[in-house]
Amino acid sequence: MSRISRLPSSVLRAAACTGIAALTLTACGSGSGSGTANAGSGSVKVGLITKTDTNPFFVKMKEGAEKAAKENGVQLVTAAGKFDGDNAGQVTAVENMVASGVKGILITPSDSKAIVPAIQKAKAKGVLVIALDTPTDPESAVDALFATDNLKAGELIGEYAKAAMKGKTAKIAALDLAPGVSVGVQRHNGFLKGFGATDKDVVCAQDTGGDQSKGQTAMENCLQKAPDINVVYTINEPAALGAYTALKAKGREKDVLVVSVDGGCTGTRAVKDGKIAATSQQYPLKMAAEGVKAVATYAKDGKKASGYTDTGVTLITDKAQDGVTSKDTAYGLENCWG
């Protein structure tokens, strides 16, 4: 899914290692921004391609893959886009991994449609391809999908928001991801379904790219367009925190309900602090671990993983609502990432 990215020193080290190449598979060492062969020592190679390598969600996903690679005796090769949406970089990574002889590739697609031709070429070479977190379009383009049920994640926060409003007329703002990205579409539609609303009930919709500063700008724009907004759906917690900043600047942070999806540690603490009312928590480590295990099994006996595996989602809030199943932030902080 689409998450906020930063540029810490690890990215600067990656730039020094890779030059101007989008992504490579050289062993530059742990923490490089491009490809690394940094976990496991078996002859079977497993590739992991994430949207970025700076977002905490994907950092945790990589940790899960590294641990699973060691446990299953396979070698992990990793790569990441320069930014969320870097399809060209992911295509290059797929091609390089196939050339290096990987048995399987785990990928979080930056562009669910545009990555499909590269995936098809990899599969034609006998490589098992599994999508993590974000489905391809069509979903059948990969052999299997290990991911959160993003529609359900959206439904949970929609149901929560509906219950929390206690019959008051809702003026909804939707801070979305970007056009055509399946995760964003599913979460948005799920929220509306859970709330019992349609797009006609959304008084302002803005794309944020899952970025905190863009979330703040989007919220500022929505407050100008519809000052009486009282419910804010956000694609992820960075966007939610941006929205909170804009609301606080207007003195509205206490009377506007903000809900989100992800369950990162920063976001979960924001729920505990009352900045976000509720979030749907997902589990990136589990996605990656299950993916590595599936490739190891394929290498061992030729059995391919197939179909969709739901890696779980939990509504996290400290203000539980009747009829909506949830867990508190103590549970959320025990199971968060980042």
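Overview of the structure. Nothing here was measured: the structure is a model prediction, and the numbers come from that model.

**Points about the sheet that holds strand β8 (residues 202-207)**
Stage number 1. Taken in spatial order, the 6 strands line up as β8-β7-β9-β10-β11-β13 in an open sheet, and their pairing is mixed. Pairing within the sheet leaves two strands with one partner each, and these edge strands are β8 and β13 (314-316). The mean angle between the axes of side-by-side strands here comes to 15°, regardless of whether they run parallel or antiparallel.
Stage number 2. Bridge count between strand β9 (residues 231-234) and strand β10 (residues 257-262): 3 bridges; the pairing is parallel. In the strand pairing of β10, Tyr233 is matched with Val259.

**Observations regarding the packing of aromatic side chains**
Stage number 1. Applying the stated criterion across every chain, the model contains 4 aromatic pairs.
Stage number 2. Judged by centre distance (4.9 Å) and plane angle (85°), the rings of Phe57 and Trp337 are edge-to-face. With a gap of 280 residues between them, Phe57 in helix α2 (residues 56-72) and Trp337 in the segment after α11 (329-335) connect regions that are remote in the sequence.
Stage number 3. Judged by centre distance (5.8 Å) and plane angle (35°), the ring pair of Phe191 and Phe195 falls under tilted. Linking Phe191 with Phe195, this pair stays in helix α6 (residues 182-195), spanning 4 residues, or about one helical turn. The burial state of Phe191 is the same as that of Phe195; both residues are buried.
Stage number 4. A connected cluster of aromatic rings, assembled from ring pairs, spans Phe57, Phe58 and Trp337.
Stage number 5. Sitting over the ring of Tyr331, Lys327 keeps its end group 5.0 Å from the ring centre.

**Regarding the state of the cysteines**
Two cysteines, two sulfur atoms, one covalent bond between them: this is a disulfide.
Stage number 1. Taken as a whole and assessed by the stated rule, the structure comprises 2 disulfides.
Stage number 2. Between Cys204 and Cys222 runs a disulfide, and the two sulfur atoms are separated by 2.1 Å. Between Cys204 and Cys222 the sulfur-sulfur dihedral comes to about -75°; the bridge is accordingly left-handed. With Cys204 in strand β8 and Cys222 in helix α7 (residues 212-225), the pair connects residues that are 18 residues apart, well separated along the chain.
Stage number 3. Residue class for Cys222 comes out buried when judged on its relative accessible area of 0%.
Stage number 4. Linked covalently through their sulfurs, Cys265 and Cys336 form a disulfide whose S-S length is 2.0 Å. Negative torsions about the S-S bond denote left-handed disulfides, and the value of about 90° found for Cys265 with Cys336 makes this one right-handed. In this pair, Cys265 sits in helix α9 (residues 265-272) while Cys336 sits in the segment after α11, placing the two residues 71 residues apart along the sequence.

**As for the side chain of Ser112**
Stage number 1. One can find Ser112 in the loop between β4 (104-107) and α4 (116-124).
Stage number 2. With relative accessibility at 3%, the residue Ser112 sits in the buried group.
Stage number 3. A polar atom in the side chain of Ser112 sits 3.2 Å from the side chain of Ser182.
Stage number 4. Contacts of Ser112, omitting those with residues within four sequence positions, involve Thr134, Pro135, Thr136, Asp137 and Ser182.

Conventions adopted
- Residues numbered from 1 in each chain as written.
- Predicted model: local features only at pLDDT ≥ 70, side-chain atom pairs only at ≥ 80, totals over all residues.
- Heavy atoms only, no water.
- Pairing = 2+ DSSP bridges.
- Helix = DSSP H or I, 4+ residues; strand = E, 2+ residues; numbered from the N terminus.
- Axes fitted to C-alpha atoms, helices over the stretch in contact; angles between N-to-C directions.
- Phe/Tyr/Trp six-rings, centres within 6.5 Å; stacked < 30°, edge-to-face > 60°.
- Buried < 20%, exposed > 50% of the residue type's maximum accessible area, 1.4 Å probe, protein only.
- Lys NZ or Arg CZ within 6 Å of the ring centre and 35° of its normal.
- Disulfide = S-S within 2.5 Å.
- Polar contact = N/O pair within 3.5 Å; in protein donor to acceptor, adjacent residues only side chain to side chain.
- Contact = heavy atoms within 4.5 Å.

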